[in-house]
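# Observations on the three-dimensional arrangement
Below, each chain spelled out in residue letters.
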Amino acid sequence: MYKITIENKVIEAVENLSVDEIVKNNFSDIRPVAAKIDGVLVDLSEIVKKDVSIELIKPDEEEGLEIIRHTCAHVFGHAIKQIYPNTKMVIGPTIDNGFYYDIYNEDSISEKDLSSIEALMKKLAKKNYKIIREVVTKEKAQSVFRERKEDYKLKLIADIPSDEVIAIYHHEEYIDMCRGPHLISTKELNYFKLMKISGSYWKGDSKNEQLQRIYGTAWDTKDNLKAYLHKLEEAEKRDHRKIGQKLDYFHFQEESPGMVFWHDNGWKLFNIVKDFITSYLRNYDYKIINTPQILDKSLWKKSGHLDKFSDLIFDVSSENKEYAVKPMSCPGHIQVFNQGLKSYRDLPIKFAEFGLVHRNEPSGTLHGLMRIRAFTQDDAHIFCTPDQIENEIKLLIKTIYEIYRQFGFEEIKVELSTRPEKRVGGEEIWDKSEDALMKALDASDVKWQLNEGDGAFYGPKIDFSLKDSLERVWQLGTIQLDFSMPARLDATYVDHNGDKVAPVMIHRAILGSLERFVGILIEEYAGDLPLWLSPLHAVIINISENQEAHCLELAKQINNLGIRASSDLRNEKISYKIRHHSMMRVPYLLVIGDKEVESNQISVRTRTGEDLGVMDVDKFIKMVETLVGNKSIVLKN
RNA sequence: GCCACCUUAGCUCAGUUGGCCAGAGCAGGGGUUUUGUAAACCUCAGGUCGUCAGUUCGAAUCUGACAGGUGGCUCCA
């Protein structure tokens, strides 16, 4: 007889029972998807053979959902093998909100095929097939998958260490290799949808053969599935490309793929962001410089960029000279540093540039403002001594957080990337600088992750990333140490011994690319930018042509006082104009009729439809000044 | 660059198995209206159906190439 602790109860079991049977015998209202026996995750079919403590995994828990999704991937495998028997299954892991399965198929699957595959999956799930786990030897596993011609599973088995347990799961004729656990039957699977299809590569290496990846989502209840699909629809409405077009901010066209045509209001936003960063640069002793757009290829050869990144560099030739359009500003900054003799007393020297760079990125990677071929970095290079690294980094981390906070971003992903296998510089400088970065991160009290071996060949780095509306992560800020380029391009300073030595260079960008940052801003606020960022603060709307002259005069007056305002005097009904400018997300609509002209006041309405009432112009200006000054996200104080 | 898909008027979209002059709403022009807080009414104009080639008596519709885009993959100094 065993003593089993489960769901805060102690149960005595007389014979070897499965977890599933124990639950069914004792709890009529609980339907778990798996269990933990003494902390170890198992299937419900696991037989209890001793005194244990059982924790049940419910479908609505994160671990429970993962099990549902994992099983769903197997049912997908079952369906696809029935429709396309020659399909070779590769790997089918769970991901956020669902799963994917990589497959290899002679005839590729198209998105049109998904609905029939999904229909078959639903049919198979309803059959209530028992899902059975079997622990097998490596040899047995190999023979099973050899018989099924699952070449990729065989390759995976070959990589499994001999001391590791191999489990295979089968339901009806489908067999897959998996750590598990899984649902006990396919019947529990009801709320899933195949979403999309994409290419992928075996082992994630583009040199390997191309596979197809089918994405699916799976949930514990109908409502959760529906809610997820609804959330995707809502996220699409925040897409900066859609909003950018609707608000007349920018456009793209095929004559210049990956490069932005900024319109008046979008360019205003761009410059508001730029001016904000400029004021920070002035406060922190940066020298703001500007360097040429094209430079002779010999310089890029010397810096090493031409050999390493020639695919991404746009070429220009003129007369007998070969030039490269700059893909980055660092070599230019070193040329400025090299003018005149520098002493250690001069360091750190900080050069900043809103550097417009061109990179011929592969066509498939372009994405709205987020990834483009011509973009503006808020770039800077700090030339310093090794001893100054830690302080400079601390200061940078602090200011990056401070600046992001002012834009309203709190959730920032921070990663430290350390020395890669191929690198320049001695171990000592890597030790010292990785240590400096870590210390600076810890001292700054931020959560960060280690990305071992992912640093640049010339030094370790810290990256700062934010998410877009569809939770895609985009890198913005970066702090990179560089032990290589200053020496390659002959940068030196005189140290206190009188020797000429190469400085350490810190590459840093706070927003990264201004274009990308504007894209992130639009998505974060779904177009409802805080007042201080709004290209237009207010539109003045007249009720009839009687007030035309007054409106024009008013627009002039408040523009002079720093309010970004325009007027709409079209011969349209007031409600028409209200609707139009509300949809254009103009923060304030100032309505002027005969009453307002007479009292010299304005009727103020916000873009969200809130009536702030009739007020004096002075009062309105003071309100806007206050809200702009404290970077408020609301439109009244 | 790779895989799948998409491309019709300024925008959002219809266009049935290839078949009379390719449609709608919004936006735009012209009128009427002088309007009080999210769409006034009438009217007019707008498209070589992404480009180029092919199949066919006939192509927006079928085929191919190319371009651009979308979702991923790879990449992201």
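Anything mentioned here points back to the structure above.
So, here is what we can say about the structure in this document. This is a predicted model, so every value here is computed, not measured. Every chain's residues receive numbers from 1 upward, in the order its sequence appears when written. Starting at A for chains and at 1 for ligands, labels are handed out in the order in which the entities are written. Reporting in this predicted model follows two pLDDT cut-offs: at least 70 for local features of residues, and 80 or more for side-chain atom pairs to be given and counted; totals over whole chains, interfaces and linings ignore these cut-offs and use all residues. By convention in this description, side-chain values take in all heavy atoms of the structure and omit both hydrogens and water.

### Overview of the nonpolar core
Counting 65 residues, the largest nonpolar core has Ile 393, Tyr 404, Phe 407, Ile 462 and Leu 511 as the members making the most contacts within it. A run of H or I in DSSP becomes a helix once it reaches four residues, and a run of E becomes a strand once it reaches two; helices and strands are each numbered from the N terminus. It is helix α8 (residues 264-283) that contributes the most residues to this core, eight residues altogether. Not counting the four nearest positions on each side in its chain, Phe 407 is found in contact with Val 273, Phe 276, Leu 511, Phe 517, Leu 521, Tyr 525, Trp 532 and Leu 533. The next biggest cluster of nonpolar side chains, apart from the first, holds 35 residues, and it includes Val 33, Cys 72, Met 89 and Ala 125. The criterion is simple. A nonpolar core is a set of buried Ala, Val, Leu, Ile, Met, Phe, Trp, Tyr and Cys residues joined through side-chain atoms within 4.5 Å. Relative accessibility decides the category of a residue: with a 1.4 Å probe and only protein chains considered, values under 20% of the type maximum give buried, values over 50% give exposed, and everything between is partly exposed. When checking whether two residues touch, look at their non-hydrogen atoms; a contact exists if any pair is within 4.5 Å.

### As for helix α11 (residues 330-337)
Most of α11 is tucked away: six of the eight residues are buried. The set of residues buried in α11 consists of Cys 330, Pro 331, Gly 332, His 333, Ile 334 and Phe 337. Buried residues belonging to α11 abut α9 (297-303), α10 (305-309), β22 (349-358), β23 (374-384), α14 (485-488) and β30 (504-513).

### Looking at the sheet that holds β22
Ordered by their spatial adjacency, eight strands build an open sheet running β18-β22-β23-β30-β27-β26-β24-β25, and the pairing between neighbours is mixed. Edge strands, defined here as strands with exactly one partner in the open sheet, are β18 (287-288) and β25 (449-451). All axes here are fitted lines through C-alpha atoms, helices being fitted over the stretch that makes contact, and every angle between N-to-C directions spans 0 to 180 degrees. Strands in contact with α11 are β22, β23 and β30; relative to β22, the strand with the most contacts, it is inclined by about 145°. Pairs of strands are assigned from DSSP output, requiring at least two bridges between the strands.

### Re the protein's contact with RNA strand B
Surveying the vicinity of RNA strand B reveals 60 residues, the closest of which are Gln 210, Ser 363, Arg 371, Asn 571 and Ser 603. Throughout, the term near means that a residue has one or more heavy atoms lying within 4 Å of the molecule or strand in question. When atoms of RNA strand B within 4 Å of the protein are split into backbone and base, the sugar-phosphate part holds 53%. Pairing of N or O atoms within 3.5 Å defines a polar contact, subject to two protein rules: one partner must be a possible hydrogen donor and the other a possible acceptor, and residues neighboring in sequence count only if both atoms are side-chain atoms. The contact in question runs from a phosphate oxygen of RNA strand B to an N or O atom on the side chain of Ser 575, over 3.2 Å. Contact distances for RNA strand B include 2.5 Å between a base nitrogen and a side-chain N or O atom of Arg 579. The element that contributes the greatest number of residues to the surface near RNA strand B is helix α17 (residues 574-583), accounting for seven residues. The residue classification treats Ala, Val, Leu, Ile, Met, Phe, Trp, Tyr, Cys and Pro as nonpolar and Asp, Glu, Lys and Arg as charged. All others, Gly included, are polar. Taken together, the residues of the surface near RNA strand B break down into 18 nonpolar, 23 polar and 19 charged.

### Notes on the pattern of salt bridges
The working definition used for a salt bridge is a side-chain nitrogen of Lys or Arg within 4 Å of a carboxyl oxygen of Asp or Glu. According to the stated counting rule, one finds 40 salt bridges in the structure shown. Notably, a salt bridge pairs Glu 434 with Arg 419, separated by 2.9 Å at the nearest N-O pair. Here Arg 419 lies in the loop between β24 (413-417) and α13 (427-443) and Glu 434 lies in helix α13, a separation of 15 residues in the sequence. Taken as a pair, Glu 434 and Arg 419 share a single burial class, namely buried. We note a salt bridge from Asp 468 to Arg 472, for which the minimum N-O separation is 2.9 Å. Judged by its relative accessible area of 5%, Asp 468 is buried. Each member of the salt-bridge network shares a partner with another, and the members are Arg 419, Arg 423, Glu 427, Asp 431 and Glu 434.

### Comments concerning the packing of aromatic side chains
Any two aromatic rings considered together are summarised by their centre-to-centre distance and by the angle between their planes. Aromatic contacts are taken between Phe, Tyr and Trp rings whose centres are within 6.5 Å, Trp giving its six-membered ring; a plane angle under 30 degrees counts as stacked, one over 60 as edge-to-face, and the others as tilted. Following the criterion strictly, the structure yields 23 aromatic pairs and no others. Taking 6.3 Å as the distance between ring centres and 80° as the angle between the ring planes, the aromatic pair formed by Tyr 401 and Phe 464 counts as edge-to-face. Placement of Tyr 401 in helix α12 (residues 389-406) and of Phe 464 in strand β26 (residues 461-467) is noted, with a sequence separation of 63 residues between them. Judged by its relative accessible area of 0%, Phe 464 is buried. Ring pairing ties together the aromatic residues Phe 250, Phe 252, Trp 262, Trp 267 and Phe 270, which thus form one cluster.

### Some points on the sheet that holds strand β12 (residues 166-171)
Spatially, three strands are ordered β11-β12-β13 in an open sheet, and the strand pairing comes out antiparallel. In this open sheet, the two edge strands, each paired with only one partner strand, are β11 (132-136) and β13 (174-177). Ignoring strand direction, the axes of neighbouring strands in this sheet form an average angle of 25°. Of the strand pairs in this sheet, β11 and β12 are connected by five bridges, and their pairing is antiparallel. The residue of β12 that forms the bridge with Val 135 is Ala 167.

### A closer look at the side chain of His 170
Checked against the element boundaries, His 170 lands in strand β12. There is a polar contact of 3.2 Å between the side chain of His 170 and the side chain of Glu 134. Setting aside residues no more than four positions away along its own chain, His 170 makes contact with Lys 130, Ile 131, Ile 132, Glu 134 and Ile 175.

### Regarding the environment of Gly 519
Within the fold, Gly 519 resides in helix α15 (residues 514-525). Along the chain, Gly 519 and Gly 368 lie 151 residues apart, while their C-alpha atoms are 8.0 Å from each other.

### Let's talk about the pairing of β12
The buried fraction of β12 is high, at six of six residues. When β12 meets β13, the two strands line up antiparallel, connected through four bridges. Of the residues in β13, the one forming a bridge with His 170 is Ile 175. With antiparallel pairing between neighbouring strands as the criterion, β12 and β13 make up a hairpin whose turn holds two residues, including Glu 172 at a positive phi of roughly 50°.

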